Amino acid sequence: MSSVRAVLQDASHRSSTHPKNSNTLCKLVKSKDFESEFFQCIFHVLKTTKHIGHVDTFVKFLGYFFNDLSLKETAIHESLQNSLIPYLLKGLKVSNKTVRLRSCQILSAYVNNVNEIGEELYLNIKESVLERIKDKDPSVRNHAVTILCRFQDCGTDEENSEILNLLLTLLQNESSDMRKHVLANIDITPQSIEYVFKRAKDIDTNVRKAVYEKLAEDYSAVDEYLEDIVDFQSILDLLKTGFLDREESVRKSCTKMAFKVWMSDDQQLFKFIQDLVDIDPNLDNDAFIKSMLCEYFAVNPKTKFGHDDIEWSELTKGAALIIDAYCEHYFKKQNEERIELLIPNVGDWVNLLQHYILLGQDEESENEVEYIILHLLQVANYLDFSDEAGRRTFIEFLCKLPVETDASMEQLKVSFLLMQNLMVDSDKFINQICVILECVLNSAEQNNADALLICQFKCLEIISILMEINQNTAQNYSAMQLMEIYVFPLVNSERTPVRSLCLRCIALCCLNDQEFGEENLPMFISSTKNASVAKMAYQFIFDWILTYGMGDLTPEVKSSILRALLDGLESVNEEVLSVVVEGVCKCLMFGCHLDKEAVCVGVTFTLDAASPSFVLFSSRHCKRLIDSSMFKFLF
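Definitions and cut-offs
Residues numbered from 1 in each chain as written. Predicted model: local features only at pLDDT ≥ 70, side-chain atom pairs only at ≥ 80, totals over all residues. Heavy atoms only, no water. Helix = DSSP H or I, 4+ residues; strand = E, 2+ residues; numbered from the N terminus. Buried < 20%, exposed > 50% of the residue type's maximum accessible area, 1.4 Å probe, protein only. Contact = heavy atoms within 4.5 Å. Core = buried A, V, L, I, M, F, W, Y, C linked by side-chain atoms within 4.5 Å. Patch = residues over 30% accessible without salt bridge, like charges linked within 9 Å, V, L, I, M, F, W, Y side chains within 5 Å. Areas by Shrake-Rupley, 256 points an atom, 1.4 Å probe, with all protein chains shown as cover. Salt bridge = Lys/Arg side-chain N within 4 Å of Asp/Glu carboxyl O. Axes fitted to C-alpha atoms, helices over the stretch in contact; angles between N-to-C directions. Parallel < 35°, antiparallel > 145°, perpendicular 65-115°, else oblique. Left-handed = near helix turned anticlockwise from the far one by under 90°. Nonpolar A, V, L, I, M, F, W, Y, C, P; charged D, E, K, R; others polar. Lys, Arg positive; Asp, Glu negative; His and termini not counted. Charge placed at Lys NZ, Arg CZ, Asp CG, Glu CD. Phe/Tyr/Trp six-rings, centres within 6.5 Å; stacked < 30°, edge-to-face > 60°. Lys NZ or Arg CZ within 6 Å of the ring centre and 35° of its normal. Expected span 1.5 Å × (residues − 1). pLDDT = per-residue confidence, 0-100. Polar contact = N/O pair within 3.5 Å; in protein donor to acceptor, adjacent residues only side chain to side chain. Disulfide = S-S within 2.5 Å.

### Quick word on the overall build of the protein
Helix and strand counts for the protein stand at 33 helices and 0 strands. The proportion of buried residues among the 635 residues of the protein is 50%. Contacts in the protein between residues at least 24 apart in sequence constitute 68% of all its contacts with a sequence separation of at least 6.

### What about the nonpolar core?
By size, the foremost hydrophobic cluster in this structure holds 205 residues, and its most contacted members are Phe38, Phe65, Leu239, Ile273, Trp349 and Phe394. Not counting the four nearest positions on each side in its chain, Ile273 is found in contact with Met263, Ile289, Met292, Leu293, Gly318, Leu321 and Ile322.

### Description of a nonpolar patch on the surface
A cluster of nonpolar side chains, contributed by Leu546, Met589 and Phe590, occupies part of the molecular surface with about 290 Å² of accessible area. Here Leu546 shows up in helix 29 (residues 534-548).

### Section: the packing of helix 25 (residues 449-469) against helix 27 (residues 496-512)
As a packed pair, helix 25 and helix 27 sit with axes 9 Å apart at the nearest point and diverge in direction by 25°. Classified by the interaxial angle, the pair formed by helix 25 and helix 27 is roughly parallel. Considering only the axes of helix 25 and helix 27, their crossing is left-handed. Seen from helix 25, the contacting residues are Leu453, Phe457, Leu460, Glu461, Ile463, Ser464, Met467 and Glu468; seen from helix 27, they are Pro497, Val498, Leu501, Cys502, Arg504, Cys505, Leu508, Cys509 and Asn512. Taken together, the residues of the contact of helix 25 with helix 27 sort by class into 12 nonpolar, 2 polar and 3 charged.

### With respect to the packing of helix 27 against helix 28 (residues 514-527)
The N-to-C vectors of helix 27 and helix 28 enclose an angle of 145°; their axes lie 8 Å apart at closest approach. Between helix 27 and helix 28 the crossing geometry is left-handed. When helix 27 is examined against helix 28, the residues Arg499, Leu503, Ile506, Ala507, Cys509, Cys510 and Asn512 are found in contact with a partner set consisting of Gln514, Phe516, Gly517, Asn520, Met523, Phe524 and Ser527. The residue inventory of the contact of helix 27 with helix 28, partitioned by class, reads 8 nonpolar, 5 polar and 1 charged.

### Topic: the pattern of salt bridges
Considering all chains together, one arrives at 19 salt bridges under this definition. For Lys413, the salt bridge is made with Glu468, and the minimal N-O distance between the two is 2.8 Å. Here Glu468 lies in helix 25 and Lys413 lies in helix 23 (residues 409-423), a separation of 55 residues in the sequence. Within this structure, Lys290, Asp324, Glu328 and Lys332 form a network of salt bridges that share partners.

### Structural notes on unusual backbone geometry
With the exception of glycine, the majority of residues adopt a negative phi angle, and the majority of peptide bonds are in the trans configuration. Located in the positive-phi region is Gln334, a residue other than glycine, with phi close to 60°. Along the chain, Gln334 falls in the loop between helix 18 (317-332) and helix 19 (336-342). With relative accessibility at 69%, the residue Gln334 sits in the exposed group.

### Some points on a negative patch on the surface
The grouping of Asp362, Glu363, Glu364, Glu366, Glu370 and Glu410 at the surface amounts to a negative patch. Tracing the sequence through the fold places Asp362 in the loop between helix 20 (346-359) and helix 21 (366-379).

### Focus: the packing of aromatic side chains
In this description, an aromatic ring pair is defined by two values, namely the gap between the centres and the angle between the planes. For the coordinates displayed, the defined rule picks out 26 aromatic pairs. Here the aromatic rings of Phe305 and Tyr326 are separated by 5.1 Å at their centres, their planes lie at 50°, and the arrangement is tilted. With a gap of 21 residues between them, Phe305 in the loop between helix 17 (283-299) and helix 18 and Tyr326 in helix 18 connect regions that are remote in the sequence. The buried category is assigned to Phe305, whose relative accessible area is 6%. Of note, Lys317 hangs over the ring of Tyr371, and the distance from its end group to the ring centre comes to 5.9 Å.

### A look at helix 15 (residues 248-261)
If you check helix 15, its first and last C-alpha atoms are 20 Å apart, about what 14 residues at 1.5 Å a residue would give, namely 20 Å. Looking at helix 15, one finds that the buried residues are Val250, Ser253, Cys254, Thr255, Met257, Ala258, Phe259 and Val261.

### Section: the confidence of the model for the protein
Considering every residue of the protein, the mean pLDDT works out to 82; 88% of them sit at 70 or more. Across residues 613-635 the pLDDT falls below 50, and counting only partners more than four positions away or on other chains, this stretch makes 46 contacts in the model.

### Some details on the environment of Cys41
Within the secondary structure, Cys41 sits in helix 3 (residues 34-46). The spacing of Cys41 and Leu8 is 33 residues in sequence and 7.6 Å in space, taken between C-alpha atoms. If we skip the residues at most four places from it in the chain, Cys41 touches Leu8 and Phe58.

### Here's the deal with the environment of Gly63
Here Gly63 lies in helix 4 (residues 53-72). Note on Gly63: relative accessible area 5%, which makes it buried.

### Examining the side chain of Asp245
Relative to the assigned elements, Asp245 resides in the loop between helix 14 (232-243) and helix 15. A polar atom in the side chain of Asp245 sits 2.7 Å from the side chain of Arg208. Those residues in contact with Asp245 that sit more than four places away from it in its chain are Arg208, Val250 and Arg251.

### With respect to the environment of Glu159
Note that Glu159 resides in helix 9 (residues 157-170). Residues within four places of Glu159 in sequence aside, it is in contact with Tyr122, Leu123 and Lys126.

### Focus on the state of the cysteines
One way to say it: the disulfide is the covalent bond shared by the sulfur atoms of two cysteines. Inspection of every chain in the model, using the stated rule, returns 0 disulfides. With no disulfide partner, Cys510 has as its closest neighbouring cysteine sulfur the one in Cys509, 6.2 Å distant. The buried category is assigned to Cys510, whose relative accessible area is 0%.

### Things to note about the side chain of Ser527
By secondary structure assignment, the location of Ser527 is in helix 28. Once residues lying within four places of it in the same chain are set aside, the contact partners of Ser527 are Arg499, Leu503, Val533, Ala534 and Ala537.

Here you go:
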């Protein structure tokens, strides 16, 4: 056995060292029997069927060898190139699919490991590969795509554009393997990056995973095009899609990509989070970004913030969110030392909050400061309240917040939850809220109807938050007094926002107290006829049915509800129609119907394909209900 054949045979073993064998073979290329034995080996490989491990190992070795040969023995490499490529191109045209596959594999190994190919050979390869992309064998098509991707920037601008357009079309191919191979090899350019982002919502797990792997691999190119080509809303959507994916492998790939591309160090972290927060600072985005940051701190335990590392008097929205997420993460990890190193004592925290409240009086910075205050209030959950004096100081601050400032609903909710936790006793907490409400109402200027209405609206906001955070409020006598004093007098207000907020307060109270709810249910049924509050009224009715059912209602009330639902299904208001359709679907799915008439409400609009309700019902993917057992007795 010759030395050339021995090296080639050893290279097919999985345990072999490819660089070593490649170096040995390069020293033998000048031997007289090299080319004949090399082509004998290639011929043997071309006839070998798929799924033979040692052949795949050998093809991988050829990639090493072609690269080394092109660098070390230029003249011999050109001679081998002129004989090997035509030989392989002939193999691409034969009827035997195994030969076509192996020819494509070896050709792919060649073009992806050499820097230069003759122009005539390049054109011949390109022509053959474009034919193989339509091959009936999927494995051949996939390897053909890999070769085509190598030629993305090898021709004229027109030729490159033609190849890129073809690859972008193939990204939407029905074959998931084809899409995955294109993603793995396509260049990240201003033209392709948008299409790559879209594949993050692909139905195939491996394709979705390939998106994040590709972006992590070409992170320098991604970063180059971000500011000019991709907006941060698209980046946020991409990260949400990956972090919330149902498959763990996709989530891991997304995490790795995000931390490598956009959060590789603490400085880049602060800048990137600030950019994300500036898109649309809403609670849903905040919750996602915080979960992503918690994952970042879990992966990077060496990231450590001390009190002196933060410019507390000049916080940005991104910095406030990072501090909040940092404290939340280490609170869950029960690592209080990290939190104590970062945040000061209770008294200093109150001073910090007051500092930003004063800054918020400037209209230009009002929105930013409001966001910072919200997260500073959330961080207050991790303060050490063992000092009684500090605890009282903080409670006093929380009591003044709704009276002396224009605190947002989110800020009030966080502050009331803090107050509830600090006061422990539920009755004392509700009594304190009563005092706050009285102070808010008394703060209105005398004989000023507009100022009084503003204060009344703030009182309604406070009561709605109280009902939301404390489910026992409805059974509390003081709370029911609040409804009598502040809510019921305004329930018939001509101002829609006031009336809507009143209905919300009553609805929350009704859901926590069944008897109180049954008394007020007719009011919500009649409110469905008022266009301005119909959506909220229907939402409450369905919440009530799903919570308590209709078993304890009188026949008259049941009939009124059914009539209201039928009217809602004919509504021309899309938002109202959406709420009613979704509500009926939920009631049917959870078995909340009592008799044949109730079920017919759902069937009536489902079977009428001409109604807008049917179209919406179909779009909600709920048509499967028609086939369920709850309908079978009707037919």
